[in-house]
Structure formats: C-alpha cells, structure tokens
Amino acid sequence: MTSADLALADARAKATPQRRDIQGLRAIAVAAVVVNHAVPDALPGGYVGVDVFFVISGFLITSLIVRELAGGEGFDFSRFYVRRIRRILPASLVVAVVTFVVCLIWLPPTLIPGVGTDLVATVFYVPNIAFAIEGTDYLAGTEPSPFQHYWSLGIEEQFYLLWPLLLVVAWRAWAQRSSGLLAVTVAVCAASFAWCQYVTYTSPVWAFFSLPTRAWELALGGVAALLAPRVHTLCSPAVAAVLSWLGLAAIVTSAVVLPGAAPFPGWLAAIPAAGAVALILGGGREVLWGPEIVLGRRPLQFVGEISYSLYLVHWPLLIVPITVIGASSEVPAWIGVVLGLAALPIAWLLYRWVEQPFRHAPGVVNLRPRVVIGGAGVASLLAAILAATSLPVADARLAANGEVADVASHELGLVVPPEFSTIVPSNLTPALTEASTDIPSIYRDGCHLDWTATEPIGCSFGDVTSGVRVALFGDSHAAQWFPAVSELAERHGFQVDSYTKSSCPSAVVDVVLDALPYDECSTWRSAVLERLVADPVDLVIVSNASNGAEAELDEWLEGLQQTVERVSAVSPVVVIADTPYLPLVPPTCLAANMDDTAACTVSPERAIRGKWAGALAATATAAGAKVIDLNDHLCDDDECGPIIGARLVYRDAHHLTASFARDLASVLWDEISVVAPLREGH
C-alpha cells in the first residue's frame, strides 16, 4: 500500500458523517466513569460508562469493516491496524510513561516494582489479564494500580486483533452477504454473554477483566451496526426518537441505581449495553425532540471529543495523589472532586498535542504501515525497558537512615506496653520490600485454602507421632498465628492440623464475597466442624478477622457461639482475639515516612472494635472457650505502632508478619498451656 492510498483512506473515513448523538453519548459515558472514580458515593453505578464505550466501539469498528467489505475493494488488514495504532497508541503510551515517571518520583518506593510490572503489561496490551491474575491472588496488595483503567483498552485491543479476521472469514463463507456477518456476530454475542453469566458467579474477577466475558458487549455494538440500516427503514423518526430516549434513560438509571458492589458484569451489564444499542439505533434522525437536543449541546460535544484522552488521564491523576496522601491519612472527598475537574484541561492538552496530530498530521498519515507498526513495537519495548531499568531509583529512595535498633525485636515483642520505633531502622526485619512475602508457610504449600476450595485439607505439622494434636481453625487471621503455633509444636512436641481458608471465618456467619454469597466458605466450614467433632483433638485454636467484618455484630455473636459450643463439647477451645485493622498499609506508609513513623501509627480506638471485642470475648467465654487477647503486645493506650524494636509488625493493613507472629510464640504458650495438657519438652 502506498502513502497515497493511506491518505485516501483517511479522507474517506473523515468524510463519514459524525453522529452528534454518539459523540454526546461518549461524554455521558466518560463523565459517569470519572465521577464514579472521583466520588464513588455520588454515582455508585458510574462504572457502566465502560460498558457503553464497549458498545460504541463495537458499533463503530464493525461499521468501518462492513463499509470496506461492501466497497468491493476488499479489506486491508494493514490499513486497519495502522489506523488503530494511530488512534489508540500515542496518547495511551504517553500517559503510561508519564504516569510511571511520576510514580517513580512520588509514590512510596515499595509500590514501584508492582507499578513497573503493570506498565509492562499495559504497553504489551495485556493489562486486563495481569489485573485478573492479581485480583485472584489473595496475597496481592491492596493499593490500586495507576494503570488499572487500561484494562478496558486491553479488552478493546484484543478484540480489534481478532474481530476483522472473523468478519472477513464470515463475509467470504457466506458469499459476501451481510446475513453471514449478522449470524456470526449474533453467535459471538450470545456465546460470550452466556459465558459471562456463568463466570460472573464462579470467578467474578475473570468475568470483569477477560475478553471472552466482555466480547458480547462489543459484538452487541456490531449487531447494532448490521441492523442499523433496517431499523432506519422500518422505524419512523418519532419511534426512533422514543427508542433513543429509552436507551438514554436505561444508561442514566444504571449509573445512578446500580450499587458499587453489584455482581458485575453478569446480566446487569445488559441494561446499559442495551440502552446504548437503543440510543444508537434510534439516533441519527432529524427529530426536534430527540435526545440530540441534550447530547448535541456544545459542552457534551466537547467532552465527547476529548473522551478518550479524558479516560486516559483521569485515573492516574486521581490515584497517584490519593495514594501518596492516603499512605498516611484518609483522603477527604473534595480532593477527588478537584482532581476529577483538573483532568479536563489536561485531557484537552493531550487531545490537542498528541491524539490529534498522530491521527491527522500528514507526516504521520503518510507513513508506510511497516513503519507505523514497527514504531509501535519499538515504543512499547522502550517503555518496558524504562520500567525494568528504573527499579534502582526506587531502591535508592528506600535506603534506610542508617540507625540500628538497640534492642532485638523478639525481646521487645514480650514487653507490655510495647516500645515502638520512631524511625525505620536499617536492621528492620523483614525489610519493607519483603513485607508482603513474610507470610506463613501454609500459604506456599497450599494448606491455606483460597476462595474456591471447599474440601478441608487439614495439613499436619510438628511431631505427627506425638499423639497430641492441636487444630488451628479460621480465616487468614487464624493463619497469621500459624508461625507461632508451629514454632510451639516444634519446641514442645505436638502435632498441628491447619484448617484455614481465605475470607472464611470459623464463626457460623454468612459471608458475601465480590457481591455474591460465599457458598464455598459455608461448605468448607461445615466440613471442618464435622471433622473436629467426629475426630476430637487436644486443643482447638480459633481466630477470625472480626475487626474488619461486614456482618452485623449479633450475627457474629450467634455464629461464634455455635462454633465454640459445638467444638468445646469434645475439645478444649481457645479464641485468639482479632488483631488491629488499620486504615493504611504500614509498609507503604513507612516507605514514605522513613524518619518519622508517627505518621503510620493508629489509635487503638480506630484499629480495634472495642464493642465487638468485648462482646465476642464474653460470648466465647460463656460458650466454653478461653479468650486470649495479645493486643497489648501490639498497642499501648494511645497507639498501635508499625515497628517494635527492629521488627516490622504488619505485612499489610491487617495481617501480622510471620516474623512478628513467631516472636509471640512464648507469650501464646503461656496462655494455651494452661488450657490443655500439651506435652512439653524435646
């Protein structure tokens, strides 16, 4: 293909009339997303704007492909992909690189390796897959990625890679009839929608991020593109206008009514997607009272014009400052409003100086396809190299101040009240960069179960020939005590059976996970209780994440009572009170406050639910358990600090590091040894 051919193709594309209603719909969609991210409570369902974008993209891209196929000159793949590259890549790559550089300078250094990994996934067009993997990792960090919004671009780029090929094959197989295109498009839409319904309720993270569960929305836009001529012929302008208004109402209602925690996409995504289809099919008519009287207004046309750039810049503009501020304190809502508004002029600058020149400048339009495609590959590779070679910068920022803690942390862990370090000492253990991996060994060997497991494994550790058995039962807050319990098993010669599962308390309470009933938890818990009753052990240690629980206190009290009464009928039971639940991530906060850890301390009133703790302790005691509260080793009367001596206390916002939990083994032994006759002695 010659440069003249490319220029002619671009001229034809520009000659296609631009629909003001679709441009206004873009504005509605991007505004919904930005408001939802900036002030979530103001528009809880604003995330449906992405679903509207998917439908619009499917409509426009299918219209373009069909127009070329019907033109008689055949479909030119290289021209198609060159257009997509010029349309999508320059602005997205500029925002990605600038975002990474800003993160490198401002974000706490402990976050940089993860941000660099996300940048690599983004520039190689698989961010959605990367985020799906992270989302199904129960050890993943809690801080949102500055590149998380690129997941939808990953979906579209993967779709654009496959969709033209599928339609060209269908066009040829059906002897160049549009009925073949419609059949294939409907089939893809139906299959993907059915798969989406299943995966939404079995693996919600993959349902949200993967192409197979999202393709139906883009294909639905394709169906609209193929049906549009017939609808235009069959429907009068008045009927079409009503259809468009109904579509707009469905989109707006979804954005306002859908809760932030709804199981999504699932069937709920069909509401805004169908609304977008209705608006597109009914639009483009000369009707004075149609939706274009709203969507065609100049402010909406402007926002629609810069909608792609606005989508790109809004998320990092929100998340980077909020992450920096939120490392040490809560972020007021007005900051989100200010940052969301600030995204508008920045988006216009990106649109004016990056997006538009790469789409329309003659010097770019006339480049040969191999130059554009090759340049895109090189640019992506350079961005990935930037991510890989910048890590030493983060390490340098993380360099400790050189002070060494005077007293060994394992000794300070026994002191009540604890003595908190005011700085990050150079001999901190674990190091801030290693905090997330300082986890109980049962995570690595598969004995701590993930969300999908239902069968209790009951891994055994310690002296399995001793005839003395201790069971550890609960969620990840029970698992965090495994290093201490296993240490005691080695010291005193008994067997430990581990029964722990992520987000699944041993108390009989209904748990909701990703807006869905956590049935796997109920099944697993029931099986563990049956096993403990049928085959009693010498001691059952129970602990649960009650300080961060979402259920009502009364339900927790009843559920804990059921568990303790049932187990204590055959075995002694101890309940370890839940540990602090912090509003910040200590390793991240400390990385930003190396010389003053006071910014990373939290009052006991905020970290521990006093009313809950007292009520749960009373209930457990009445049901026959001994309650062990070790929080006086974690907090004094005024604060819960992140470092004691040279020991890092927390690996995240609410889990102890394995190292610190192990430090408390002797304290735990003093408590449990009086409950059950566990053998002492090697």
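Conventions adopted
- Residues numbered from 1 in each chain as written.
- Predicted model: local features only at pLDDT ≥ 70, side-chain atom pairs only at ≥ 80, totals over all residues.
- Heavy atoms only, no water.
- Helix = DSSP H or I, 4+ residues; strand = E, 2+ residues; numbered from the N terminus.
- Buried < 20%, exposed > 50% of the residue type's maximum accessible area, 1.4 Å probe, protein only.
- Contact = heavy atoms within 4.5 Å.
- Areas by Shrake-Rupley, 256 points an atom, 1.4 Å probe, with all protein chains shown as cover.
- Lys, Arg positive; Asp, Glu negative; His and termini not counted.
- Charge placed at Lys NZ, Arg CZ, Asp CG, Glu CD.
- Axes fitted to C-alpha atoms, helices over the stretch in contact; angles between N-to-C directions.
- Left-handed = near helix turned anticlockwise from the far one by under 90°.
- Nonpolar A, V, L, I, M, F, W, Y, C, P; charged D, E, K, R; others polar.
- pLDDT = per-residue confidence, 0-100.
- Parallel < 35°, antiparallel > 145°, perpendicular 65-115°, else oblique.
- Patch = residues over 30% accessible without salt bridge, like charges linked within 9 Å, V, L, I, M, F, W, Y side chains within 5 Å.
- Salt bridge = Lys/Arg side-chain N within 4 Å of Asp/Glu carboxyl O.
- Core = buried A, V, L, I, M, F, W, Y, C linked by side-chain atoms within 4.5 Å.
- Pairing = 2+ DSSP bridges.

Digging into the overall build of the protein
Right, so step 1: A tally of regular secondary structure across the protein gives 30 helices and eleven strands.
Right, so step 2: Put simply, the protein has 682 residues, and 54% of those count as buried.
Right, so step 3: Within the protein, residue pairs in contact and separated by at least 24 positions form 82% of the contacts whose partners lie at least 6 positions apart.
Right, so step 4: Roughly 28000 Å² of accessible area belongs to the protein as shown, and the carbon and sulfur atoms make up 62% of that amount.
Right, so step 5: Charge-centre separation for the protein: the mean point of 38 positive side chains lies 19 Å from the mean point of 63 negative side chains.

A look at the packing of helix α4 (residues 77–106) against helix α16 (residues 333–360)
Right, so step 1: Here α4 crosses α16 at 145°, and the two axes come no closer than 8 Å. Here the hand of the crossing between α4 and α16 comes out right-handed. Between α4 and α16, the contacting residues are Arg86, Arg87, Pro90, Ala91, Val94 and Val95 on the first element and Leu350, Val354, Glu355, Phe358 and Arg359 on the second.
Right, so step 2: Classifying every residue of the contact of α4 with α16 by side-chain character gives seven nonpolar, no polar and four charged.

Some details on the confidence of the model for the protein
Right, so step 1: Averaged over every residue, the pLDDT of the protein is 91; residues scoring 70 or more account for 93%.
Right, so step 2: Contacts from residues 1–15, a stretch scored under 50 in pLDDT, to residues over four places away or in other chains number 24 contacts.

Section: helix α23 (residues 482–492)
Think of an α-helix as 3.6 residues a turn; residues three or four steps apart then line up on the same face.
Right, so step 1: The buried fraction of α23 amounts to eight of the eleven residues, a majority that puts the element mostly inside the structure.
Right, so step 2: Residues of α23 that are buried include every one of Phe482, Pro483, Ala484, Val485, Ser486, Leu488, Ala489 and His492, and no others.
Right, so step 3: Phi turns positive one or two residues past the end of α23, at Gly493, with a value near 75°.

Digging into the packing of helix α2 (residues 20–38) against helix α3 (residues 48–70)
Right, so step 1: Contact geometry for α2 and α3: axes closest at 8 Å, N-to-C directions at 150°. The angle between α2 and α3 places the two elements in the roughly antiparallel class. As α2 packs across α3, the resulting crossing turns out to be left-handed. In this structure, α2 uses Ile22, Leu25, Arg26, Ala29, Val30 and Val33 to contact α3, whose residues at the interface are Gly49, Val50, Val52, Phe53, Ile56, Phe59 and Leu60.

Some remarks on a nonpolar patch on the surface
Right, so step 1: Together, Phe124, Val126, Ile129, Ile133, Trp206, Val378, Leu381, Leu382 and Ile385 make up a nonpolar patch on the protein surface, roughly 770 Å² of accessible area in all.
Right, so step 2: Elements that contribute at least two residues to the nonpolar patch include exactly α6 (127–135) and α18 (369–389).
Right, so step 3: Turning to its location among the elements, Ile129 is positioned in helix α6.

What to know about the nonpolar core
Right, so step 1: One finds Leu25, Phe147, Trp151 and Leu312 to be the most contacted residues of the largest nonpolar core, which totals 107 residues.
Right, so step 2: For this core, the element with the highest residue contribution is α3, accounting for twelve residues.
Right, so step 3: When sequence neighbours within four positions are dropped, the list of residues in contact with Trp151 reads Val50, Phe54, Pro127, Asn128, Phe131, Phe208, Phe209, Arg214 and Tyr311.
Right, so step 4: In this structure, Leu432, Leu472, Phe482 and Ala665 belong to the second largest nonpolar core, which totals 59 residues.

Remarks on the environment of Ser498
Right, so step 1: Within the fold, Ser498 resides in strand β4 (residues 495–501).
Right, so step 2: For Ser498, a relative accessible area of 1% translates into the label buried.
Right, so step 3: Separated by 77 residues in the primary sequence, Ser498 and Ser421 place their C-alpha atoms 33 Å from one another.
Right, so step 4: What Ser498 contacts, discounting residues up to four positions off in sequence, is Ile442, Cys447, Gly458, Cys459, Phe461 and Leu472.

Thoughts on the pairing of strand β7 (residues 539–543)
A regular strand places its side chains on the two faces of the sheet in alternate fashion.
Right, so step 1: In terms of burial, β7 is largely enclosed, as five of its five residues are buried.
Right, so step 2: Residues Leu539, Ile541 and Ser543 point to one face of β7 and Val540 and Val542 to the other, with burial holding for every one of them.
Right, so step 3: Where strand β3 (residues 469–474) and β7 come together, five bridges link them in parallel fashion. In the strand pairing of β7, Gly474 is matched with Ser543.
Right, so step 4: As defined by bridge partners, β7 adjoins strand β8 (residues 573–576) across three bridges and the pair is classed as parallel.

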